[in-house]
Amino acid sequence: MTKLFETTWSDIARAGARLGLTTDALGSLAEPSRIVEVGIPLTKDDGTTQTVRGWRVQHSNARGPFKGGVRFHPHVQVDDVKNLALLMTLKCAVVDIPFGGAKGGVSIDPRTLSRSELERLSRGYVRQIEPLIGPWTDIPAPDVGSGEETMAWMVDEYSMLSHSFTPAAFTGKPVATGGSRGRRAATGYGGFDVLEVVQSELGAPLKRVAVEGFGNVGYHFAEKAAEQGMTLVGVSDIHDAVTNPGGLDPAQVLKSKLATGRVAGAGGHEVSHSALLAMDTDVLVLAAIEHSVTARNADSIRAKVVLELGNNSVSAEAGETLAKKGILVIPDILANAGGVVASYFEWTQNLQGYYWTEADVLSKVRDKLHVAARDVFAVRDEHTVNLRTAAQMLALERLMAAMPHHAATPRLTPVNV
Ligand code: GLU
């Protein structure tokens, strides 16, 4: 079994070395501040009960409260959650928002549960981690397998437990229960915002794009890209992959996905998944689960630019192969940061009790991402490194500036955890 956390950490330690930072200097970043494992009792609709494993990993709060999503996935393990928590610490630092990094995981396939079972599970998870979280300690959000409704249940449970309406304890909520306008589209649109900077750095237009993964993130990216004049030449989901050199219409693909659960049926030719990844296109967007591109298929990739909208979509080894082939990989901690940046604006709106328009939120997200992307390119040029290393170095510089003034994880409230 590959140890994701260890692999990511050695990559980061290498980026640290380029800044002259020893492993000692990186100090507390080498391990999460806190790992909590819980058993969530779940009563099924048929009256039977089972215990579902879950985790909350708080990696670092040197720059602000812990922040990160909760993943519902049947194969999620503590190592994945640790790895994703570390990526959150880096991501928040790259885009310079005042948060640390955390992640939650619940080992379940949410598609096997009824809506009421999912609600009980979501509320049960919050009851288990309640002493650890809160608007100024740790702010969970959606991730793979969870979504707006999950957050609505979670924030409601948290508000009940804390005897007060506390919307700022979670982000990614529905607008009706304190969510931010624009949050839903922000990760996908944000990927496009980053691509705008990439395009200006390359000095050449990027016209054709293929999108792997057509969930919320993949769809919103495709919508924005098509609206801005790019041609969507291919798209895939877990079932199918379709291509059309003349261009697919993201709205039609979404329609077919909603009607049949599949992307096939909106025009185009069906191809294999690996053929989609190997398309000769300007941009390949990876918006699926981890490790779409690994040593196994890295050689086949032909896009000019790979945009990592999923976390760890390109394995470390594959990243090296792509770099040798001259393919520019836009790393996850920059490319998919639009979601957490919008979460930051959701949190600030909750704290001030004053809400902005969708256009306001999205333009604030775009500004943040443009600055972050330019910062990453500047580090790349200064140190002659690839963009992943540059993003890691930028994050480490910002974290190191905060660490000397940082003592430890906040004390827990006096309960047993
Ligand atoms: N799960 C998302 C991510 O990996 C969003 C996290 C958040 O908004 O806190 O970036």
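Calculation criteria
- Residues numbered from 1 in each chain as written.
- Predicted model: local features only at pLDDT ≥ 70, side-chain atom pairs only at ≥ 80, totals over all residues.
- Heavy atoms only, no water.
- Helix = DSSP H or I, 4+ residues; strand = E, 2+ residues; numbered from the N terminus.
- Rg over C-alpha atoms; globule rule 2.2 N^0.38 Å.
- Buried < 20%, exposed > 50% of the residue type's maximum accessible area, 1.4 Å probe, protein only.
- Contact = heavy atoms within 4.5 Å.
- Areas by Shrake-Rupley, 256 points an atom, 1.4 Å probe, with all protein chains shown as cover.
- Lys, Arg positive; Asp, Glu negative; His and termini not counted.
- Charge placed at Lys NZ, Arg CZ, Asp CG, Glu CD.
- Near = heavy atom within 4 Å.
- Polar contact = N/O pair within 3.5 Å; in protein donor to acceptor, adjacent residues only side chain to side chain.
- Nonpolar A, V, L, I, M, F, W, Y, C, P; charged D, E, K, R; others polar.
- Axes fitted to C-alpha atoms, helices over the stretch in contact; angles between N-to-C directions.
- Parallel < 35°, antiparallel > 145°, perpendicular 65-115°, else oblique.
- Left-handed = near helix turned anticlockwise from the far one by under 90°.
- Expected span 1.5 Å × (residues − 1).
- Pairing = 2+ DSSP bridges.
- Core = buried A, V, L, I, M, F, W, Y, C linked by side-chain atoms within 4.5 Å.
- Salt bridge = Lys/Arg side-chain N within 4 Å of Asp/Glu carboxyl O.

**A word on the overall build of the protein**
- In terms of helices and strands, the protein carries 14 helices and twelve strands.
- Over its C-alpha atoms the protein spans a radius of gyration of 21 Å, differing by no more than 12% from the 22 Å that the globule rule assigns to 417 residues.
- Taking the principal axes of the C-alpha coordinates as reference, the protein spans close to 60 × 55 × 45 Å.
- Taking all 417 residues of the protein together, the buried fraction comes to 58%.
- Of all intrachain contacts in the protein linking residues separated by at least 6 positions in sequence, the fraction that spans at least 24 positions is 70%.
- Accessible surface, the protein: about 17,100 Å² in total, of which carbon and sulfur atoms supply 51%.
- Positive and negative charge centroids in the protein, built from 41 and 46 side chains respectively, lie 1 Å apart.

**Here we look at the site of the ligand**
- Near the ligand lie 14 residues; those nearest to it are Lys67, Lys91, Pro142, Asp143 and Ser343.
- Within the side chain of Lys91, an N or O atom sits 2.7 Å from an oxygen atom of the ligand.
- Contact distances for the ligand include 2.6 Å between an oxygen atom and a side-chain N or O atom of Ser343.
- In the complex, 92% of the free accessible area of the ligand, which totals 290 Å², lies under the protein chains.
- Mapped by element, the contributors of at least two residues to the shell around the ligand are β3 (66-72), α3 (78-94), β5 (138-142) and α12 (338-352).
- Looking at the shell around the ligand residue by residue, the class counts come to four nonpolar, five polar and five charged.

**Brief notes about unusual backbone geometry**
- One non-glycine residue, His163, lies in the positive phi region at around 60°.
- As for its position among the elements, His163 is in the loop between α5 (148-161) and α6 (183-202).
- Among the residues examined, His163 registers a relative accessible area of 75% and is labelled exposed.

**Describing the packing of α6 against helix α7 (residues 216-227)**
- One way to put it is that α6 packs onto α7 with a least axis distance of 7 Å and a crossing angle of 50°. Taken together, the axes of α6 and α7 lie oblique to each other. As α6 packs across α7, the resulting crossing turns out to be right-handed. On the side of α6, the interface is formed by Arg184, Ala185, Thr187, Gly188, Tyr189, Gly191, Phe192 and Leu195, while α7 contributes Asn216, Val217, His220, Phe221, Glu223, Lys224 and Ala225.
- Residue composition of the contact of α6 with α7, by class: seven nonpolar, five polar and three charged.

**A few points about α6**
- With 20 residues, α6 ought to run about 28 Å at 1.5 Å a step, and its terminal C-alpha atoms sit 29 Å apart, in line with that.
- Of all 20 residues in α6, 14 are buried, a share of seventy percent or more.

**Focus on the sheet that holds strand β6 (residues 208-212)**
- The sheet built from seven strands is open, its strands ordered β9-β8-β7-β6-β10-β11-β12 with mixed pairing. The sheet is open, and its two edges are formed by β9 (269-271) and β12 (328-330), each paired on a single side. Here the average twist between neighbouring strands, direction ignored, is 25°.
- With four bridges connecting them, strand β10 (residues 283-286) and strand β11 (residues 305-308) associate as parallel partners. Looking across to β11, one finds that Val283 is bridged to Val305.
- Packed on one face of the sheet, α6 meets β10, β11 and β12 and runs near 155° to β11.
- Across the face of the sheet, α7 comes into contact with β6, β7 (231-236), β10 and β11 while running at roughly 170° to β6.

**A few points about the environment of Tyr344**
- Note that Tyr344 resides in helix α12.
- Here Tyr344 falls in the buried class, since its relative accessible area comes to 17%.
- The spacing of Tyr344 and Glu397 is 53 residues in sequence and 21 Å in space, taken between C-alpha atoms.
- With residues near it in sequence (within four places) discarded, Tyr344 still touches Ile97, Pro98, Phe99 and Lys368.

**Side note on the nonpolar core**
- If you look at the biggest cluster of nonpolar residues, it comprises 83 residues, and the most contacted ones within it are Phe221 and Ile330.
- Among the elements that make up this core, the one with the highest residue count is helix α14 (residues 387-402) (ten residues).
- Each residue touching Ile330, except ones within four places of it in the same chain, is listed here: Val194, Val198, Val305, Val306, Leu307, Glu308, Ala335 and Leu387.
- Among the nonpolar cores identified, the runner-up in size contains 24 residues, and Val36, Val38, Ile40 and Ala169 belong to it.

**Focus on the side chain of Arg183**
- The residue Arg183 is located in helix α6 in this model.
- In this structure Arg183 is buried but unpaired, with Glu346 as the nearest side chain of opposite charge at 4.5 Å.
- Beyond its immediate stretch of four places on either side in the chain, Arg183 contacts Pro142, Gly172, Gly339, Ala342, Ser343 and Glu346.

Interpretation note: all reported values are geometric properties and have no functional meaning in isolation.
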